[in-house]
Number of protein chains: 2
Amino acid sequence: MSSFEDADTEETLTCLQITLYHPDRLQAGRFQSLRFCHREKLPSHKVVNFGRHSSSCHYVFQDKQVSRIQFSLQLFRDFSSSVLSVEIKNMSQKTSLFVDNHELGYLNKVKLPPKCILRFGDYQCLVEKEDGESLTFFETQFAWSPTSLLEENLRPLRTPVPENGSHSTLGSTLPTEMDENEL
Amino acid sequence: MSSFEDADTEETLTCLQITLYHPDRLQAGRFQSLRFCHREKLPSHKVVNFGRHSSSCHYVFQDKQVSRIQFSLQLFRDFSSSVLSVEIKNMSQKTSLFVDNHELGYLNKVKLPPKCILRFGDYQCLVEKEDGESLTFFETQFAWSPTSLLEENLRPLRTPVPENGSHSTLGSTLPTEMDENEL
């Protein structure tokens, strides 16, 4: 059995591959609490916070420019789906979070596409999702990039984001805004 | 200043009024950890779990029929909105959660309408949302009903729920399924 399976059920696990980049890569300690190239198994009901505050966050960035909780990831299941999806919510009142080119303010949230770039401050995170069978657990794995992730991964918008925040006409690289179809 | 405002900013707070009913109302202790007729102020980034497990849940139902975490409520902000919205996610692998007449399986989630009935097992919860100005905090307030909440509050579906879980043709009493408009 590989490390990609649940030891009890032998189901494959959804994995979030997260590649990090910061231009000031020589500053010691920024990522020291993260364990790179290691798969961590987490229960899928867990809300995973990223930020500066070690008591509130599962993954800590040791940087005063980062908010106490910068953003959260959580798993959910679409009604018509048997696999896990991922939602991101911006938890910072002072810093916007960009998912590809889409800006999230405080408490805005979107469903992540299978591959996307997150940006906040000078940080860049490439998030790639590999689907698995288990609904009970998922995994994370961190990597580090010595070069900017933007040129290779961030595709341009087909049309600019309108001022009202709607992006129904934008291209397929954008995440799903989940709250526009209120009945 | 009333108790409905944030003491620091004097902004009004979004309030979730939650009225509970269980047919076995004589069983002592079921709701003993809840403080009725009291407004509790919570930070809006908090994910509020309801269930049996006191370490995992902010509001505890002392009942072995209830899952360790039965469901979670969390606040978010629509892109085009200046007020807080509420999302519910079913965290139970064994019990369906009904929001009005819409069934949520494990890790399914919906945005709550301003007034709705939640059901799981024999429990009924009427949730009524009063909008406030603050984005930083919200409040909860619990009440208890001696009689079933269903007849008065649960309006019938206009059409049955199709087997694939889609409900785009259903009436306005249904909550918003937020994940159908993937790009």
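Chain A carries the name TRAF-interacting protein with FHA domain-containing protein A in an unreviewed UniProt entry, which gives Echinops telfairi as its organism. Checking UniProt for chain A, the heading Subcellular location (unreviewed entry) contains the comment "Cytoplasm". Turning to chain A, the UniProt record has this under Sequence similarities (unreviewed entry): "Belongs to the TIFA family."

A. Representation of the overall build of chain A. Check the secondary structure of chain A and you find one helix and twelve strands. The order of helices and strands in chain A, counted from the N terminus, is β-β-β-β-β-β-β-β-β-β-β-β-α. Residue burial in chain A is summarised as follows: out of 183 residues, 52% are buried. Looking at chain A alone, contacts between residues at least 24 apart form 57% of all its contacts between residues at least 6 apart. When the accessible surface of chain A is split by element, carbon and sulfur atoms take 46% of a total near 8,500 Å².

B. Structural detail: the sheet that holds strand β6 (residues 85-90) of chain A. All names here are of chain A. Strand order in the open sheet made by the five strands is β4-β3-β5-β6-β9, with mixed pairing throughout. A strand with exactly one partner marks an edge of an open sheet, and here the two such strands are β4 (59-60) and β9 (109-111). As judged from the two bridges shared by strand β3 (residues 48-51) and β4, these two strands associate in the parallel manner. Note on β4: the bridge partner recorded for F50 is Y59.

C. Main features of the pattern of salt bridges. For the structure shown, the criterion picks out 16 salt bridges over all chains. When the shortest N-O distance is used, the salt bridge between R30(A) and D63(A) registers 2.5 Å. Of this pair, R30(A) sits in the loop between β1 (14-21) and β2 (39-43) while D63(A) sits in the loop between β4 and β5 (71-76), and the two are 33 residues apart along the sequence. D63(A) carries the same exposure label as R30(A), and that label is buried. In this structure, the salt-bridge partner of K109(B) is E87(B), at a minimum N-O distance of 3.1 Å. Remark: E87(B) occurs in strand β6 (residues 84-90) and K109(B) occurs in strand β9 (residues 109-111); sequence separation between them is 22 residues.

D. A look at the sheet that holds strand β8 (residues 102-104) of chain B. All names here are of chain B. The seven strands lie next to each other as β2-β12-β1-β11-β10-β7-β8, forming an open sheet whose pairing is mixed. Of all the strands in the sheet, the pair left with one neighbour each is β2 (39-43) and β8. Averaged over all adjacent pairs, the angle separating strand axes in this sheet is 25°, with direction ignored. Pairing geometry for strand β1 (residues 14-21) and strand β11 (residues 123-130), over seven bridges, is antiparallel. By the bridge assignment, Y21 is partnered in β11 with Q124.

E. Expanded view of the UniProt feature "domain: FHA" (unreviewed entry) in chain A. UniProt records the feature "domain: FHA" (unreviewed entry) for residues 48-104 of chain A in the present numbering. Its end C-alpha atoms 18 Å apart, residues 48-104 of chain A is made of 0% helix and 42% strand.

F. Fine view of the side chain of S92(B). All names here are of chain B. As for its placement among the helices and strands, S92 is situated in the loop between β6 and β7 (97-99). Among the polar contacts made by the side chain of S92, one reaches the side chain of S67 at a distance of 2.8 Å. Setting aside its immediate chain neighbours within four residues, S92 contacts S67, I69, Q70 and Y106.

G. Fine view of a positive patch on the surface. All names here are of chain A. A contiguous patch of positive charge, built from R52, K64, R68 and K94, is present on the exposed surface. With respect to the helices and strands, R68 occurs in the loop between β4 and β5. By relative accessible area, R68 is classed as partly exposed at 47%.

H. Just the environment of S145(B), in detail. Residues and elements named next belong to chain B. Mapping S145 onto the fold places it in the loop between β12 (137-144) and α1 (150-153). Residues S145 and D131 lie 14 residues apart in sequence; the distance between their C-alpha atoms is 23 Å. A polar contact of 2.6 Å, which involves the side chain of S145, links it to the backbone oxygen of T147.

Reading guide: rules and limits
Every chain's residues receive numbers from 1 upward, in the order its sequence appears when written. Labels are handed out in written order, letters beginning with A for the chains and numbers beginning with 1 for the ligands. Local features in this predicted model are restricted to residues whose pLDDT is 70 or higher, and side-chain atom pairs enter the listing and the counts only when it is 80 or higher, whereas totals over whole chains, interfaces and linings include all residues. Each side-chain value is worked out from all heavy atoms of the structure, with water and hydrogens disregarded. UniProt positions are given in the numbering used here, feature names are shortened, and annotations may be inferred rather than shown by experiment. Helix and strand assignments follow DSSP, with helices taken as H or I runs no shorter than four residues and strands as E runs no shorter than two, numbered in order from the N terminus. Per-residue accessibility, obtained with a 1.4 Å probe over protein chains only, is compared with the maximum for each type, and a residue is labelled buried under 20%, exposed over 50%, and partly exposed between these values. The criterion used for residue contact is that any of the two residues' heavy atoms lie within 4.5 Å. Accessible surface is estimated by sampling points in the Shrake-Rupley manner with a 1.4 Å probe; for residues, cover comes only from the protein chains shown. Paired strands are those between which DSSP finds at least two bridges. What counts as a salt bridge is simple: a side-chain nitrogen of Lys or Arg found within 4 Å of a carboxyl oxygen of Asp or Glu. Every axis corresponds to a line fitted to the C-alpha atoms, with the helix fit spanning only the stretch in contact, and the corresponding angles, defined between N-to-C directions, vary from 0 to 180 degrees. Any N or O atom pair separated by 3.5 Å or less is treated as a polar contact, with the protein-specific requirement of one donor-capable and one acceptor-capable atom, and with residues adjacent in sequence counted only for side-chain atom pairs. Only residues whose relative accessible area exceeds 30% and that take part in no salt bridge are eligible for patches, with like-charged residues grouped when within 9 Å of each other and nonpolar side chains (Val, Leu, Ile, Met, Phe, Trp, Tyr) grouped when within 5 Å. For the purpose of charge, His is not counted, nor are the chain termini; Lys and Arg are scored as positive and Asp and Glu as negative. Where a charge sits is defined by one atom per residue type, namely NZ (Lys), CZ (Arg), CG (Asp) or CD (Glu).

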